[in-house]
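Residue-level structural notes
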Amino acid sequence: MCADVTVATGGPALAGSSSLKANLRRAEAKKRRTAFMLTLPLLAFITVMFLVPLIGMVWLSVANTAVRDYMPKTVAAMATWNGKELPPEKVYAAVGEDLTVAYKARTFGRIAKRLNQEMPGVMGVINKTSFRSSKVTTPPASWKDELIKIDPKWGQMPIWNLLKRQSSMFTADYYLAAVDMQVSPTGHIERVPSYERIYIKLFIRTAWMSALVTALTLALGYPLAYWISRMPPSRANLMMIAVLLPFWTSLLVRITAWIVLLQSQGVVNSLLVGSGMVSEAARPQLINNALGTVIVMTQVLLPFMVLPLYSVMRSIPDTYMRAAISMGAHPWRAFWRVFAPLTVAGVGAGVLLVFILSIGYYITPELVGGQSGQFISNRIAYNVQQSLNWGLAAALGTILTVVTLILFLLYGMITGKGKVSLA
Amino acid sequence: MAKDHNDAFVEFDRVQKTYDGESLVVKDLNLKIGQGEFLTMLGPSGSGKTTCLMMLAGFETATQGDIRLDGRPINSVPPHKRGIGMVFQNYALFPHMTVGENLSFPLEVRSIDKSERESKIKRALDMVQMGEFANRRPSQLSGGQQQRIALARALVFDPELVLMDEPLGALDKQLREHMQFEIKHLHDSLGITVVYVTHDQGEALTMSDRIAVFNDGRIQQLAPPATLYESPDNSFVAQFIGENNKLLGTVEAIDGETALIRLDNGEVIRATAVNVTSKGQKTLISIRPERVEYREELMPPGAQTLDAEVLEFIYMGDIFRTRLKVAGSDEFIIKSRNTQGQTRLEPGQMIKIGWDPKDARALDAQ
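Sequence order sets the numbering: in each chain, residues are counted from 1 along the sequence as written. Chain letters and ligand numbers both follow the written order, the letters beginning at A and the numbers at 1. Residues qualify for local features only when their pLDDT is at least 70, as the model is predicted, and side-chain atom pairs are given and counted only at 80 or more; totals for whole chains, interfaces and linings, by contrast, use all residues. Side-chain metrics rest on all non-hydrogen atoms present in the structure, leaving aside hydrogens and water.

A run of DSSP states H or I qualifies as a helix once it reaches four residues; a run of E qualifies as a strand once it reaches two. Both are numbered from the N-terminal end. Along its length, chain B carries eight helices and 19 strands. Contacts: residue pairs with any heavy atoms within 4.5 Å of one another. Relative to all contacts within chain B whose residues are 6 or more apart in sequence, the contacts with residues 24 or more apart total 67%. Per element, the accessible surface of chain B, about 16,500 Å² overall, is 46% carbon and sulfur. For chain B, the centre of its 42 positive side-chain charges and the centre of its 52 negative side-chain charges are spaced 2 Å apart. All accessibility values rest on the Shrake-Rupley procedure with a 1.4 Å probe; residue burial counts only the protein chains present in the view. Charge convention: Lys and Arg are scored as positive, Asp and Glu as negative, and His as well as the terminal groups of each chain are ignored. Lys charges are placed at NZ, Arg charges at CZ, Asp charges at CG and Glu charges at CD.

Moving on to helix H9 (residues 157-166) of chain A. Taken residue by residue, H9 of chain A has Ile-159, Trp-160, Asn-161, Leu-162, Leu-163 and Gln-166 of chain A as its buried positions. Structurally, H9 of chain A contributes buried residues whose contacts are with helix H3 (66-70), helix H4 (72-78), helix H5 (89-105), helix H6 (108-118), helix H7 (122-135) and helix H10 (173-178) of chain A. Relative accessibility thresholds used throughout: buried, under 20% of the residue-type maximum; exposed, over 50%; partly exposed, between the two (1.4 Å probe, protein chains only).

Right, let's talk about the interface of chain B and chain A for a bit. The partner chain A presents 18 residues to the 22 residues of chain B that form the contact. Once two parts are brought into contact, the accessible area they lose, counted with a 1.4 Å probe and summed over both, makes up the buried area. Summed over both partners, the interface of chain B with chain A comes to about 1,900 Å²; 67% of that surface belongs to carbon and sulfur atoms. The working definition used for a salt bridge is a side-chain nitrogen of Lys or Arg within 4 Å of a carboxyl oxygen of Asp or Glu. The interface formed by chain B and chain A contains one salt bridge. A salt bridge links Arg-337 of chain A to Glu-108 of chain B, with the nearest nitrogen and oxygen atoms 3.0 Å apart. In protein, a polar contact means a hydrogen-donor-capable atom and an acceptor-capable atom, both N or O and within 3.5 Å, with residues adjacent in sequence counting only if both atoms are side-chain atoms; elsewhere, any N or O pair within 3.5 Å suffices. For the pair chain B and chain A, the interface holds four residue pairs in polar contact (both at pLDDT 80 or more). Looking at the side of chain B that touches chain A, the element that brings in the most residues is helix H2 (residues 99-109) of chain B, giving four residues.

Let's shift gears to the sheet that holds strand E6 (residues 85-87) of chain B. Residues and elements named next belong to chain B. Two strands are said to pair when DSSP picks up at least two bridges between them. Within the open sheet, the six strands sit side by side as E6-E7-E8-E3-E9-E10. Their pairing is mixed. Of all strands in the sheet, those with a lone pairing partner are E6 and strand E10 (218-223), marking the two edges. Strand-to-strand twist across the sheet, computed as the mean angle between neighbouring axes with direction ignored, equals 15 degrees. Here four bridges tie strand E3 (residues 38-42) to strand E9 (residues 210-215), and the two strands are oriented parallel to one another. When the bridges of E9 are listed, Met-41 appears paired with Ala-212. Axis definition: a line fit to C-alpha positions, over the contact stretch in the case of helices; interaxial angles, taken between N-to-C directions, run 0 to 180 degrees. Here helix H1 (residues 49-57) sits on the sheet in contact with E3, E6, strand E7 (161-165), strand E8 (193-198) and E9, set at roughly 145 degrees to E7.

Function cannot be inferred from these measures alone, as they are strictly geometric.
Have a look at this one:
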């Protein structure tokens, strides 16, 4: 009887094993399709609103289209020029003709703007040359003499070297500018004059102020997370709601509240003066400087430190500390040897999270940072909105994005290994 | 084994504990534990047994009364200076340290030098047959192995007193029974004093020199296992330890040790008077199922007999359990061993059951 049963069930299953696999594949494929359809709207949204602009930004940071688009004849003519001495007549002629067309098409301004970013003062030369060459009715005997007559700079090497460099499709100029470097008129890479060096300083300031904010949130958040994690669950949940309470208020409102507190006629200063701790004349400057940025950012970012710390600490049972103490360790020693090492994953996650958020911070330094509390993002905004040097803004943004990505990978490694979840 | 409880190693002296200032979790606890004794605190959850253990370890403070260790009061001694070994229910092995580092921890804290540390660790691991595992992480060990390491860690610094808080609660039945013997053997060979907390009465009976049965913040009875099982002082202990048949009745007369009890269905039977004092008092008679006999030829002389109706017969392998209707109660259980030629009772059968009146204990009716 047993044998009959084996044959009856084993036979068909063996014969149909390939179709069984096919069935499984079909079922799995259907599941995958469903999952894909469910995430499709988000995927589309992210692609359009995030990935495309991101790629656009990277493209802007290296793209060099002004000269290629608006001076096509010059680009073609310069291809064979060796760049050692002044270019031959056909290049001069190409420049004259291109600028004539550009003047009529009203595109000469874009050429002038791009060239002027790399060599201040060239804008005038281009504008003047465009206007004057468009007035030349019959092709002159020598475009070379004609252009040098319009502006003697056409008889010198720097402007030609610049045009040659700008005729290539890609440029590293924006990245060089983003690290306070430039290409000299002679074609060498050099540091910009010291009075123009701002970006390295800003990157360093962004990094160390972010590090300071991170250290402060850790110093404030660790004891808080510890305290909450040792509470009975119902009270701990209440406390966590209190920790997350700031998220229910607009960032702008919170920053404004800080301005009210910290300004020189504000609550804190009035208390200090009123209690006689500082004199009326010596009211400390608590806002519109680096100090203000650090104070406000620490408060704003504190929950991002407390959450991963709490999540890790909650999973450490009381008995570890009790066991260590029962074995004779002073509570402090038990804490450092047993509790603290078990929270390393949470500390790593919190530190990286706060640091990543900090280095990209814009609104807080903008509102309370004054001059000394500016971050790199504020400078990016300046280049986008004021100086309209989008290429430089894109290069700065790309550098920031890459740094953040590297940190984020690090974060992923730490949280993946320590199995940290955000509450 | 020191049985001289006057010269107590651990002593609770009129200890009280309250958490909220209103109700007492531990009410007037007096307990003396001798050197080298294995004492188990047994009771349902919330009975105060774990609180007592934590007060002894120093993680809870007594609201009132003294706790003395080897003669000196330890109420104000912080837990890390008490020198008491402790084993926790979830083992509490430090997951970021190897087994060896776990065992080394209490020794490092005591500034013991490296070579002595290593020999002590080796000795402790060998003691629990885990000598090969010094370099493993706790997460690489099974529950039973972790339990052994926790035990070794509590013993490695040679404490004279070891507290165990339901240490076997997380193990499966077979492993638990095996570990009970190992802990018992370790206790015997090391001569340490053990205070053991459990809610498992089988565990308590197997391992202990004496058992303190806790309920409602009080010790209900403090006695060696056999006394506790065979001569429970009150109906809580009778019902908490082992299986127990209950017959309700009223005291007719008391004559020294013996009491005449009128059962609720009118029959009068003889029983041992334990904590009944006066005529007319309500009482609960407790009889262990294995002390009840239904074969007349095997009944003890002078047996108290009653009529019974078989309601249910349950085959359990080594024993038979038979549920009877006796004197109005249909929860009366008898147990008989599955020996050669043992008869199996049929439901509906009318039989006569009997027991030695000494085994029927007239207790408080609660």
